[in-house]
Amino acid sequence: MISVAIDGPSGAGKSSMAKRLAQELGYTYVDTGAMYRTIGLFALQNGKDPADAAAVAALLPALKLDIKLEGGAQHIWLNGTDVSEAIRAEQVGMAASAVGAQPAVRAFLLDTQRQLAARQNVLMDGRDIGTVVLPDATVKIYLTASAPARATRRLKELQGKGVQADYATVLADIEQRDYQDTHRAIAPLKQAADAQVVDTSDIGIEDSYALLKKTILSRLG
Ligand code: DC
């Protein structure tokens, strides 16, 4: 099986580009961030602090997570409800980052992620795919952009959806998430030694996509 691991900080465009490229290559796109978001959402729905590891661990036996592919897009179901939209809220992203620091949560998801890659060709994105989940991935990419570049893009995206937001808050959220994701003790976000860096700080979305595609294709041989 062929596996392409794409890691990087939040807001670097991983999901949108990975989804598109997976479709073009005929691979299955696996969005691991969505799995952490679903656990974060479940904690919030149950009135628990997502940073409370004991409370979150106690919830896990009651959580059934299903990943279904519908028209090439990944849909995620939490205890029988499709939460693919609900998990996109900012607050859920923060909750995902908090639960992602917890060993019980990471252990809970690891098998699911590895099994998905064992059964089909995948393009999997996340924070620790090249370092922990698929250390033998065929191709590893570290997709990044500066925090200000990511904040500018995120602000535009939010404004496009009619969500009230200001640059300083969006930048602060991105920096906080970067800090949490790179400083946690378990599976922190970091570039795998054998990953190829793709930095999109100074290029637009189409050029970023072309660069990512070219880098992956050249490594697939
Ligand atoms: O990629 P994303 O923004 O949907 O991810 C949300 C959070 O989930 C991210 O801030 C950290 C966590 N996460 C993780 O710890 N490991 C992954 N492989 C993917 C996401």
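Residues numbered from 1 in each chain as written. Predicted model: local features only at pLDDT ≥ 70, side-chain atom pairs only at ≥ 80, totals over all residues. Heavy atoms only, no water.

Colleague: Before we go on, may I ask you to explain helix α8 (residues 167–183) in this structure?
Modeller: Turn by turn, an α-helix covers 3.6 residues, leaving residues three or four places apart pointing in a common direction. If you check α8, its first and last C-alpha atoms are 24 Å apart, about what 17 residues at 1.5 Å a residue would give, namely 24 Å. Within the sequence span of α8, burial applies to Val-170, Leu-171, Ile-174, Arg-177, Asp-178 and Asp-181. Around the axis of α8, the buried residues are gathered within 130° of arc, so they sit on the same side. Opposite the packed face of α8, turned more than 90 degrees from it, sit the exposed residues Ala-168, Tyr-179 and His-183. Here the buried face of α8 lies against α2 (32–45), α4 (90–99) and α7 (147–160). (Helix = DSSP H or I, 4+ residues; strand = E, 2+ residues; numbered from the N terminus. Expected span 1.5 Å × (residues − 1). Buried < 20%, exposed > 50% of the residue type's maximum accessible area, 1.4 Å probe, protein only. Arc of directions from axis to C-beta. Contact = heavy atoms within 4.5 Å.)

Colleague: How do you make sense of the pairing of strand β7 (residues 139–144) when you look at a structure like this?
Modeller: Every regular strand shows the same layout, with side chains that alternate between the two sheet faces. Of all 6 residues that make up β7, 6 are buried, and the element is covered over most of its length. Neither face of β7 is left uncovered, since the one carrying Val-139, Ile-141 and Leu-143 and the one carrying Lys-140, Tyr-142 and Thr-144 both have all their residues buried. Here strand β1 (residues 3–7) pairs with β7 via 4 bridges, running parallel. Following the sheet pairing, Asp-7 is matched in β7 by Tyr-142. Judged from the 4 bridges that link them, β7 and strand β8 (residues 196–199) form a sheet pairing that is parallel. Its bridge partner being in β8, Thr-144 is matched across the sheet by Asp-199. (Pairing = 2+ DSSP bridges.)

Colleague: How do you make sense of the sheet that holds strand β4 (residues 73–78) when you look at a structure like this?
Modeller: Two orientations exist for strands paired in a sheet by backbone hydrogen bonds: parallel and antiparallel. One open sheet holds the 3 strands; their spatial order is β3-β4-β5, and the pairing between them is antiparallel. Looking at strand neighbours, the two that pair on one side only are β3 (65–70) and β5 (81–82), the edges of this open sheet. Note that β3 and β4 share 6 bridges and pair antiparallel. Looking across to β4, one finds that Ile-67 is bridged to Ile-76. Seen against the sheet, α2 touches β3 and β4 and runs at an angle of roughly 25° to β4. (Axes fitted to C-alpha atoms, helices over the stretch in contact; angles between N-to-C directions.)

Colleague: I keep staring at the site of the ligand and nothing clicks. Help me out?
Modeller: In the region of the ligand, 14 residues are neighbours, and Arg-37, Arg-106, Arg-127, Asp-181 and Arg-184 sit closest. Here an oxygen atom of the ligand sits 2.8 Å away from a polar atom, N or O, in the side chain of Arg-106. Within the contact set of the ligand, an oxygen atom lies 2.9 Å away from a side-chain nitrogen or oxygen of Arg-177. Calculation on the ligand without its partners gives an accessible area of 450 Å², and the protein chains cover 97% of this total. In terms of residue class, the shell around the ligand is built from 2 nonpolar, 5 polar and 7 charged. (Near = heavy atom within 4 Å. Polar contact = N/O pair within 3.5 Å; in protein donor to acceptor, adjacent residues only side chain to side chain. Areas by Shrake-Rupley, 256 points an atom, 1.4 Å probe, with all protein chains shown as cover. Nonpolar A, V, L, I, M, F, W, Y, C, P; charged D, E, K, R; others polar.)

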